[in-house]
Amino acid sequence: MAEHHRIIIVGAGITGLTAATSLAMRDHEVLLLEKNTTCGGLVNSFTRDGFLFDGGIRAVENAGMIKPMLEELQIDLPLLPSKVSLGVEDKIISADTPESLRDYELLLKELYPESTKDVERVIKVIRKFDIYMQVLFGSDSPFFKDAKRDIRYYLSTFILWIIRFLATGAAIMRMRMPMEQFLNGLLENKALIDIISQHFFKKTPAFFAMSYFSLYPDYYYPQGGVGSIPNALRARLTEIGSEVRTGAEVVQLDAHRRSLTDSSGNQYTYDKLIWCADLKHLYRMIAAEEFPESERAGILKEQERILSSRGAESVFTLFLAVDLPPSYFSKISEGHFFYTPSRTGLGELHRADLAAILDGWQQLSRDAFYSWLESFCRLNTYEISLPVLNDSSAAPEGQSGLIASFLFDYELTRRIDEEGWYDEFEKRISEMMIDTLTASVYGALKEHILFSFAASPLSIERNVYSSEGAIVGWSFEQEVPIDAGMLNMKKAILTPMPDLYRAGQWTVSPAGLPTCIMTARMAADLVHTELS
Ligand SMILES: Cc1cc2nc3c(=O)[nH]c(=O)nc-3n(C[C@H](O)[C@H](O)[C@H](O)COP(=O)(O)OP(=O)(O)OC[C@H]3O[C@@H](n4cnc5c(N)ncnc54)[C@H](O)[C@@H]3O)c2cc1C
């Protein structure tokens, strides 16, 4: 006998939790189904032997969204400042104030004295985008306010915000071209282009890459790790009487009959379903032929688009427990650090060379692969996070945990795993990362490692069922299979199937934590309106 629920939400990542809490706060009975035993998806933290690590996103951008969301859902969670540093070789600056852009300009000019004009050109663009970002995210977003209930707020702030949002959004959307195309048209120095852009996904829209500098001062670290946010949302849901069922993977969905089955064989029916997980998983379960002919063509078209698309690049992450005090690291950088050990840049290593490796995989010797990998580790940009520099309770006294990652191709790890030498690869790449960081920024690192472990694109895929291990939704390297950009986000939450909505990192592009929260709230609002 199937259990009936008016609203079922699938996936208890930040999106599903936000949507569920938002609905439950408005007195809806919601069932949230999550395949894992814990909630949070790509927003998660865990401890090992007293060291706190963040498994996915390292810190959260407020973007005028996170704080209002927590406030509206009545969640009292300390958000500690999470300062960012940027560094190349031995030149390291803080990027935590609006004046930091001037330091960044000086850093680039010192590195590339022959390209000062190039540097000035790119800084000018970043400065322009800084102004746009202040308009978009510099004040609290009204998404988490019921503007209509507060007429003074509606007339003074909301209408102005909407006008500024639309005008700025339109200006930004004109810069959708891939950042590579934009930077190649603007700058001559290829190494400089790499240093500015190689930590972004390939073909990231230019506006997104150019505006990222402005987001650095807006990062926060929730006390107890980023996973404290999903934990607090879950606690809030339970407190108001809604159920989060973990260990409940949705394995079958009959969207026409509005029913689904979980991995334990439990059957459910629903009035409204919000899918907050990987869209390829959703569309693999859809049987378009079950729907009336008038709906079938639209569903098939959408299904084909989604299933033929790929997730964005993934990351390789190394977690290190180190017998060095936080002061060793705080003398070098802030707790969130984008570091490039060499000014040379990746060049074609992550583009043409990687493509050649994948094309010639059968003929490639393992030595040749490791030689490529060594250069890749030496010339890459690392995202480094030191939770203990933000939250002093994140490591045992006198010791520190360090998380270092860079973008990494899913397909490589898949093939290595298929051929049975993943463990050897993981050991070698971890050693190369440690050697690179020891030779460049942390001279004492290698001698003080207590233990280490790693996560690959494959582990991300397995853990949250994110296609191709993607960490922010769709790849920019091919046409994105959803129509929603910043200006028509509301369309994003609709599917061609009645009463089935979607939200999260697969529904808008470019995606990220703020847009996950925004779409979660939009889906919740729509369902609320339809059921009221
Ligand atoms: C290393 C890293 C760094 C990042 N950095 C940033 C950043 O700086 N800025 C930024 O904005 N974003 C960043 N992100 C991206 C951001 O964390 C994600 O976009 C966001 O957390 C996605 O949330 P979600 O809820 O949409 O999806 P997910 O977190 O993937 O949640 C989906 C949930 O659904 C569950 N699920 C899947 N299938 C099923 C099923 N069949 N049945 C039941 N449950 C299911 C999964 O287990 C998971 O819990 C980063 C991510 C990573 C990993």
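Parameters and conventions
Residues numbered from 1 in each chain as written. Predicted model: local features only at pLDDT ≥ 70, side-chain atom pairs only at ≥ 80, totals over all residues. Heavy atoms only, no water. Pairing = 2+ DSSP bridges. Helix = DSSP H or I, 4+ residues; strand = E, 2+ residues; numbered from the N terminus. Expected span 1.5 Å × (residues − 1). Buried < 20%, exposed > 50% of the residue type's maximum accessible area, 1.4 Å probe, protein only. Contact = heavy atoms within 4.5 Å. Near = heavy atom within 4 Å. Polar contact = N/O pair within 3.5 Å; in protein donor to acceptor, adjacent residues only side chain to side chain. Areas by Shrake-Rupley, 256 points an atom, 1.4 Å probe, with all protein chains shown as cover. Nonpolar A, V, L, I, M, F, W, Y, C, P; charged D, E, K, R; others polar. 1 Å grid on protein atoms, 1.4 Å probe; cavity = no way out; pocket = protein on both sides within 12 Å on 5 of 7 lines; lining within 4 Å. Points joined across faces, edges and corners; volume = space filled by probe spheres on them. Right-handed = clockwise from strand over helix to strand, strands pointing away. Core = buried A, V, L, I, M, F, W, Y, C linked by side-chain atoms within 4.5 Å. Domains from an automatic or database assignment. Buried area = accessible area lost by both parts, 1.4 Å probe. Salt bridge = Lys/Arg side-chain N within 4 Å of Asp/Glu carboxyl O. Phe/Tyr/Trp six-rings, centres within 6.5 Å; stacked < 30°, edge-to-face > 60°. Lys NZ or Arg CZ within 6 Å of the ring centre and 35° of its normal. Arc of directions from axis to C-beta.

### A look at the sheet that holds strand β9 (residues 219-222)
In spatial order, the strands read β5-β9-β6; together these three strands make up an open sheet with antiparallel pairing. Edge positions in the sheet fall to β5 (60-61) and β6 (79-81), since each of these pairs with one other strand and no more. Summarising the sheet, β5 and β9 pair through two bridges and their orientation is antiparallel. Looking at β9, one finds that Glu-61 is bridged to Tyr-219.

### Description of helix α14 (residues 366-379)
Two residues of an α-helix separated by three or four positions point the same way, owing to the 3.6 residues in each turn. Between its first and last C-alpha atoms α14 spans 20 Å; for 14 residues at 1.5 Å apiece the expected length is 20 Å, and the two agree. Taken together, the buried positions of α14 are occupied by Phe-369, Tyr-370, Trp-372, Leu-373, Ser-375, Phe-376, Cys-377 and Leu-379. Packing partners of the buried residues in α14 comprise β15 (336-340), α13 (352-359), β16 (382-385), β17 (400-408), α16 (410-418) and α17 (422-440).

### Here's the deal with unusual backbone geometry
In this chain, Ser-509 is followed by Pro-510 through a cis amide linkage whose omega measures -5°. When you line up the elements, Pro-510 lands in the loop between β19 (500-502) and α20 (513-531). With a phi close to 55°, Gln-74 is a non-glycine residue in the positive phi region. Take Gln-74: it is sitting in the loop between α2 (66-72) and β6. If you check the backbone angles, Asp-499 has positive phi at about 65° while not being a glycine.

### Observations concerning the site of the ligand
Around the ligand, 36 residues are found, and the nearest of them are Thr-15, Glu-34, Leu-42, Tyr-219 and Leu-513. Lys-35 is positioned with one of its backbone polar atoms (N or O) 3.1 Å from a nitrogen atom of the ligand. Taking Val-250, its main chain carries an N or O atom lying 2.9 Å from a nitrogen atom of the ligand. Protein burial of the ligand: of its 1000 Å² of free accessible surface, 96% is covered by the chains. Mapped onto the shell around the ligand, the elements with two or more residues apiece are α1 (14-24), α18 (457-464) and α20. Broken down by element, the residue count for the shell around the ligand peaks at three residues, all from α20. Classifying every residue of the shell around the ligand by side-chain character gives 20 nonpolar, eleven polar and five charged.

### Points about empty space enclosed by the protein
Think of a ball as big as a water molecule: rolled over the atoms, this probe shows where empty space is left. Counted by the stated rule, this structure contains two cavities of 30 Å³ or more. In this structure, the largest cavity occupies an estimated 190 Å³ of space. What lines the largest cavity is a set of 18 residues, and nearest its centre among them are Leu-86, Tyr-104, Ile-196, His-199 and Tyr-216. Of all the secondary structure elements, the ones that give two or more residues to the lining of the largest cavity are β7 (84-88), α3 (100-111), α7 (190-197), α8 (206-215) and β15.

### Topic: the pairing of strand β2 (residues 30-33)
Residues Val-30 and Leu-32 line one face of β2 and the alternating positions Leu-31 and Leu-33 line the opposite face, and both faces are buried. The β-α-β motif built from strand β1 (residues 3-10), the intervening α1 and the parallel element β2 has right-handed crossover chirality.

### Re the nonpolar core
If you look at the biggest cluster of nonpolar residues, it comprises 60 residues, and the most contacted ones within it are Ile-9 and Ile-274. In terms of residues, this core owes the most to one element, α20, which gives ten residues. Summarising the domain contributions, this core has at least three residues from each of domain 1 (3-45 + 62-78 + 227-309 + 476-531) and domain 3 (313-464). When sequence neighbours within four positions are dropped, the list of residues in contact with Ile-274 reads Ile-8, Ile-9, Val-10, Leu-23, Tyr-501, Ala-503, Ala-523, Ala-524 and Val-527. Within the second largest apolar cluster, 43 residues are counted, among which are Val-88, Ala-95, Leu-186 and Met-210.

### Some thoughts on the domain arrangement of the chain
Taken domain by domain, the chain consists of domain 1 (3-45 + 62-78 + 227-309 + 476-531), domain 2 (95-218) and domain 3 (313-464). Of the roughly 1300 Å² buried at the junction of domain 2 and domain 3 (both faces included), carbon and sulfur atoms supply 52%. The tally of links between domain 2 and domain 3 comes to two salt bridges. At the boundary of domain 2 and domain 3, one finds ten residue pairs in polar contact (both at pLDDT 80 or more). At the level of elements, α3 and α7 are the ones that each hand at least two residues to the side of domain 2 that touches domain 3. The element contributing the most residues to the side of domain 2 that touches domain 3 is α7, with three residues.

### Topic: the packing of aromatic side chains
Summed over the entire model, instances satisfying the criterion amount to 36 aromatic pairs. Both rings, one in Tyr-216 and one in Phe-338, keep their centres 5.4 Å apart while their planes meet at 40°; by these two values the pair is tilted. Linking Tyr-216 in the loop between α8 and β9 with Phe-338 in strand β15, this pair joins segments that are 122 residues apart in sequence. With respect to class, Tyr-216 is no different from Phe-338; both count as buried. Seen in terms of ring centroids, Phe-329 and Tyr-442 are 5.1 Å apart; in terms of plane orientation they differ by 75°. Their pairing is edge-to-face. Within this pair, whereas Phe-329 is found in helix α12 (residues 326-330), its partner Tyr-442 is found in the loop between α17 and β18 (449-455), the two being separated by 113 residues in sequence. Of the aromatic side chains, those joined through ring pairs into one cluster are Phe-316, Trp-361, Phe-369, Tyr-370, Trp-372, Phe-376, Tyr-382, Phe-406, Phe-408, Trp-421, Tyr-422 and Phe-425. Over the ring of Trp-421 we find Arg-366; its NZ or CZ atom is 4.2 Å from the centre of that ring.

### Here's the deal with helix α6 (residues 179-186)
Within α6, the full set of buried residues consists of Met-179, Glu-180, Phe-182, Leu-183 and Leu-186. Taken down its axis, α6 places every buried residue within 165° of arc, on the same side. The outward face of α6, more than 90 degrees from its buried face, is lined by the exposed residues Gln-181 and Gly-185.

### Details of the environment of Ser-475
Considering the arrangement of structural elements, one finds Ser-475 in the loop between α18 and α19 (489-492). Classification of Ser-475 by relative accessible area gives buried; the value is 6%. With 164 residues separating them along the chain, Ser-475 and Gly-311 place their C-alpha atoms 4.9 Å apart. Polar side-chain contacts of Ser-475 include one of 2.9 Å to the backbone nitrogen of Glu-477.

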